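# Structural description and commentary
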Amino acid sequence: MIIVEKTDPHHPQATALLQQSHALMQSLFPPEDNFYLEVGDLVDPSIHFFTARIGADICGTGALKVKEGYGEIKSMFVADTARGKGVADAILRQIEDTARDANVPVLKLETGTLLHAAHKLYYRHGYTDCDVFGDYGSGNSSMFMEKRLDVLGHD
């Protein structure tokens, strides 16, 4: 069973996964196209940080950063040993539920052009391509996606 819960990103297993994610991004993309948050940044009050675990092992991470008018998905990563088991789906559902509870009308994300498994995950959950948003530039390694959520007070 996959358990998704709010977690301190400084938890040793969570930090180890985040470091794996950062190393992967650094190996795939030039430094100017890496937009991941450092572990210390994930404790900001505007961020809801989640981990997924199977048994006692943390095997995935994901975060929701609540911004003015939208939420941004950050720090999605699943350990190699847990891929294909529904971990990313479970984390993404938790992020979406948390966003709805916070009355966030739309979720947005930036992901790397080479991260094809991530693209499939987001498309499967109803995300569509969108324009650059926030402080991002239109880097060659980035693609941008969004999903409108059904929340009270919004169309």
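Residues numbered from 1 in each chain as written. Predicted model: local features only at pLDDT ≥ 70, side-chain atom pairs only at ≥ 80, totals over all residues. Heavy atoms only, no water.

Right, let's get into helix H3 (residues 116-124). Buried within H3 we find Ala 118, His 119, Leu 121 and Tyr 122. Down the axis of H3, the buried set is contained in an arc of 160 degrees. They therefore lie on one face. Of the residues in H3, the exposed ones pointing more than 90 degrees away from the buried face are Ala 117, Lys 120 and Arg 124. Elements in contact with the buried residues of H3: strand E4 (70-78), helix H2 (87-101), strand E5 (106-112) and strand E7 (142-148). Of the residues flanking the end of H3, it is Gly 126, one or two places downstream, whose phi is positive at about 95 degrees. (Buried < 20%, exposed > 50% of the residue type's maximum accessible area, 1.4 Å probe, protein only. Helix = DSSP H or I, 4+ residues; strand = E, 2+ residues; numbered from the N terminus. Arc of directions from axis to C-beta. Contact = heavy atoms within 4.5 Å.)

The next thing to look at is unusual backbone geometry. With a phi angle near 60 degrees, Ser 75 is a residue other than glycine that sits in the positive phi range. Residue position: Ser 75 is located in strand E4. Relative accessible area serves as the criterion here: at 15%, Ser 75 is assigned to the buried category. Here Asn 103, not a glycine, exhibits a phi torsion of approximately 60 degrees, which is positive. For Asn 103, the location among the structural elements is in the loop between H2 and E5.

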